[in-house]
Amino acid sequence: YLNSIDEDKDAMIFTIGDNDTFALWYAQEIENYRTDVRTINTSLIATDWYMDQMKRRTYNSSPVPSQLKHSQYAYGIRDYIKYEALIDSVRWDIKDFMNWVSSDHPRTKYKNLLTQYGADLENIPMFTQNMVFYPTNKIRVPINKKNVLESGIVKAEKEDLIVDYIDIDLPTSGLYKNQLLMLDILANNDWKRPIYFTGGSYNDAEYLWMKDFLQLDGLVYKLIPIKTEINKNNPYEMGRIDSSLMYNIVKSWEWGNSESSEIYHDPETRKNSISFRGNLHRLAKQLIADKEYQKAEEILDLSIQKMPIDYFGYYSLLEPYISTYYKINKFDKGDDLYQKLSVKYDENLKYYSQLSNSKNSKFSIYSFAESIITDTERYRSLLETLLKSKNNSLKSQAIKQYISSTEFVSELYGDYEYYTLLSPFLKQLFISDDKELARELFIKISSQYKERLSIIMSMQDDKKAEYTQSILNDYFELRSLVELIQKYDSEKDYVLEEIKELGLIGEGLNKIID
């Protein structure tokens, strides 16, 4: 984390849990490393003694900017402040918000509201009467562009991307003390010092409700006044990436003996590779978008070299690396990675295939169904990625191996589900001139479609109507398969038979539709 933060900028970083906080404390307190960074634990900040520490200079780190005094956040004071929608159509400047919630004026307390509503105060606890409330949850954070540029939060060449303000909507329930103090720091910082987050959570509150204004720098997220909306289809990839900056950050990391065969890679170490691999892959993709292909390859190679597959596991996280290698025309590296990953699934599934098929056995495939299906799905997804390779021989062999290793899983999936999911691989077998296997697979897939169409079409007319969409989907899939064999295997007699049979099925469908 510390190596990902701008140096000598008096930066602050919000940490969430023990795993990220303790490591930073050790580096700063014991190793005297990067003491220019202020580490702020978002859980401990709710305690008055910890906030008192934050407001004192520590090593090379200045006190955190704050307007709340000890008496205003002491134990039992402002532990929770509640929202009351009195002026919810008004958006307050964050400084106005802080001035309100930090005030001890009677009008900011619940007692004032209760009195106005004519409530019987004798029946209401003093804690509730003394509770502070906020009358609007709509807050505006103005951007001091001069401070943003001087502090290096945004590079000068990106000045035109800086927004004038950031609007945030606070919870309509209330705020806990730690959230209030985080907002206090934000309001009084005025963009003079960079603010970072360690991540590890996707809760909006951990990022001060500004997840659309983050930049991924190595392993940390920096708060920046440049909007980058989160992809709703992939909400876990937060923030923009400055590929030049992040490349330099990553290249400065020291990996120790992470790739050594002489050490034990404990579960926590292996788990940490999830963030590293994901972030390095995001960097590689951004480098490709910026046409820095050589650097992209370098980052992909670095990730695999420093976190070897055999030691770190989490094979599914490396699957995207294959297609990314293909994008930069490094097909040999993508193919090699596929082969290393597929072996892992092969080994697992071959073991499972030796188990009993009996549902009554303790050691049956049904006892391990979840693991078997997970490995099968990931293996098939891996194989689909390989289809982008230029090595037809490898692709053909890989399809054979996949079928050999997974065909027993049809017991769990059912024949229809298992074989129809193999449709994307049929074309490749024909292209690779492995026509015998292609014909065999075609028969298995098409027979499943034909069998189901036959069953549905033999139903009574009032029942058929319920399955119209399903019938059409299966028919069009079958037609695509027949068109495929027409293109690649037209000289064989079975193709004419399949065309005739498809025609008869089509006639039957027309009657149903009519």
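Note: the structure precedes this text.
Note that the coordinates shown come from a computational prediction; the quantities given were computed from them, not determined experimentally. (Residues numbered from 1 in each chain as written. Predicted model: local features only at pLDDT ≥ 70, side-chain atom pairs only at ≥ 80, totals over all residues. Heavy atoms only, no water.)

A closer look at a nonpolar patch on the surface
A cluster of nonpolar side chains, contributed by Leu86, Ile87, Val90 and Tyr117, occupies part of the molecular surface with about 350 Å² of accessible area. Mapped onto the secondary structure, isoleucine 87 falls in the loop between β3 (80–83) and β4 (92–93). For isoleucine 87, a relative accessible area of 31% gives the class partly exposed. (Patch = residues over 30% accessible without salt bridge, like charges linked within 9 Å, V, L, I, M, F, W, Y side chains within 5 Å. Areas by Shrake-Rupley, 256 points an atom, 1.4 Å probe, with all protein chains shown as cover. Salt bridge = Lys/Arg side-chain N within 4 Å of Asp/Glu carboxyl O. Helix = DSSP H or I, 4+ residues; strand = E, 2+ residues; numbered from the N terminus. Buried < 20%, exposed > 50% of the residue type's maximum accessible area, 1.4 Å probe, protein only.)

A few points about the pattern of salt bridges
Throughout the structure, instances matching the rule amount to 34 salt bridges. Residue aspartate 217 pairs with lysine 222 through a salt bridge whose shortest N-O separation is 3.6 Å. Take aspartate 217 and lysine 222: they sit in the same class, and that class is buried. One salt bridge in this structure joins lysine 333 and aspartate 301, with 2.7 Å as the shortest N-O distance. Here lysine 333, found in helix α14 (residues 331–353), pairs with aspartate 301, found in helix α11 (residues 293–306); they are 32 residues apart in sequence, far enough to count as distant. Classification of lysine 333 as partly exposed rests on a relative accessible area of 31%. Classification of aspartate 301 as partly exposed rests on a relative accessible area of 24%. Each of Arg91, Arg140, Asp167 and Asp169 takes part in one network of salt bridges that share partners.

Quick word on the nonpolar core
One finds Phe97 and Leu183 to be the most contacted residues of the largest nonpolar core, which totals 137 residues. When sequence neighbours within four positions are dropped, the list of residues in contact with leucine 183 reads Ile94, Phe97, Met98, Ile168, Leu170, Leu175, Leu208 and Trp209. Of all hydrophobic cores here, the second largest spans nine residues; its members include Ile5, Ala11, Ile13 and Ala27. (Core = buried A, V, L, I, M, F, W, Y, C linked by side-chain atoms within 4.5 Å. Contact = heavy atoms within 4.5 Å.)

Some points on the sheet that holds β3
One open sheet holds the three strands; their spatial order is β5-β3-β8, and the pairing between them is mixed. Each having just a single partner strand, β5 (133–134) and β8 (174–176) make up the two edges of the open sheet. The pairing of β3 with β8 spans three bridges and is antiparallel. Within β8, the position partnered with lysine 82 by the bridge is glycine 174. Of the strands in this sheet, β3 and β8 are in contact with helix α8 (residues 177–189), which crosses β8 at around 85°. (Pairing = 2+ DSSP bridges. Axes fitted to C-alpha atoms, helices over the stretch in contact; angles between N-to-C directions.)

A word on the pairing of strand β6 (residues 138–142)
Where burial is concerned, the two faces of β6 differ: the one with Ile139 and Val141 is buried and the one with Lys138, Arg140 and Pro142 is not. Two elements, β4 and β6, share two bridges in a ladder whose sense is parallel. Directly across from tryptophan 92, in β6, lies its bridge partner isoleucine 139. Of the strand pairs in this sheet, β6 and strand β7 (residues 165–169) are connected by five bridges, and their pairing is antiparallel. Considered in β7, the bridge of lysine 138 is made with aspartate 169.

A few points about helix α16 (residues 392–406)
Taking 1.5 Å as the rise per residue, α16 with 15 residues should run 21 Å; its terminal C-alpha atoms sit 21 Å apart, in good agreement. Looking at α16, one finds that the buried residues are Leu394, Lys395, Ser396, Ala398, Ile399, Tyr402, Ile403, Ser405 and Thr406. Next to the buried residues of α16 lie α14, α15 (369–386), α17 (410–413), α18 (415–420), α19 (426–431) and α20 (435–457). (Expected span 1.5 Å × (residues − 1).)

A word on the side chain of aspartate 242
In this fold, aspartate 242 is placed in the loop between β11 (220–223) and α9 (243–251). Not counting chain neighbours up to four residues away, the residues in contact with aspartate 242 comprise Lys155 and Gln215.

As for unusual backbone geometry
Backbone geometry at tryptophan 191 places phi at a positive 65°, although glycine is not the residue there. Structurally, tryptophan 191 is set in the loop between α8 and β9 (195–197). Even without being a glycine, tyrosine 314 presents a positive backbone phi close to 50°. You can see tyrosine 314 is positioned in the loop between α12 (309–312) and α13 (319–327). Given the relative accessible area of 35%, tyrosine 314 is considered partly exposed.

A few points about the side chain of serine 4
Within the fold, serine 4 resides in the segment before β1 (12–15). Serine 4 gets classed as buried once you look at its relative accessible area, which sits at 1%. Setting aside its immediate chain neighbours within four residues, serine 4 contacts Tyr196, Asp217, Gly218, Leu219, Val220, Ile249 and Trp253.

Describing the sheet that holds β9
Strand order in the open sheet made by the five strands is β2-β1-β9-β11-β10, with mixed pairing throughout. Strands at the two margins of the open sheet, each flanked by one partner only, are β2 (38–41) and β10 (214–217). Across this sheet, the average inter-strand angle for adjacent strands is 30°, counted without regard to direction. Of the strand pairs in this sheet, β1 and β2 are connected by four bridges, and their pairing is parallel. Note that in β2 the partner of phenylalanine 14 across the bridge is isoleucine 40.

Notes on the packing of aromatic side chains
A ring pair, where both rings are aromatic, is described by two values, the distance of the centres and the angle of the planes. Across all of its chains, the model carries 28 aromatic pairs by this definition. Ring plane angle 80° and centroid distance 5.9 Å describe the contact between tyrosine 110 and phenylalanine 133, whose orientation is recorded as edge-to-face. Note that tyrosine 110 is positioned in helix α5 (residues 110–116) and phenylalanine 133 in strand β5, a separation of 23 residues in sequence. By relative accessible area, tyrosine 110 is classed as buried at 9%. For the cation-ring pair, arginine 140 lies above tyrosine 165, with the distance from its terminal atom to the ring centre recorded as 3.7 Å. We note lysine 295 situated over the ring of tyrosine 247; from NZ or CZ to the ring centre the distance is 4.7 Å. (Phe/Tyr/Trp six-rings, centres within 6.5 Å; stacked < 30°, edge-to-face > 60°. Lys NZ or Arg CZ within 6 Å of the ring centre and 35° of its normal.)

Focus: the packing of α13 against α15
It is at 9 Å that the axes of α13 and α15 come closest, and there the two elements cross at 0°. When the axes of α13 and α15 are compared, the pair comes out roughly parallel. On α15, the residues that touch Glu319, Ile322, Ser323 and Tyr326 of α13 are Arg378, Ser381, Leu382, Thr385 and Leu386. The residue makeup of the contact of α13 with α15, split by class, is four nonpolar, three polar and two charged. (Parallel < 35°, antiparallel > 145°, perpendicular 65-115°, else oblique. Nonpolar A, V, L, I, M, F, W, Y, C, P; charged D, E, K, R; others polar.)

Observations concerning the environment of tyrosine 475
Within the element layout of this structure, tyrosine 475 appears in helix α22 (residues 468–488). The buried category is assigned to tyrosine 475, whose relative accessible area is 14%. Separated by 25 residues in sequence, tyrosine 475 and lysine 450 place their C-alpha atoms 8.4 Å apart. Leaving out residues up to four positions away in the same chain, tyrosine 475 has contacts with Leu453, Leu502, Ile505, Gly506 and Leu509.

Structural measurements only, silent on function.
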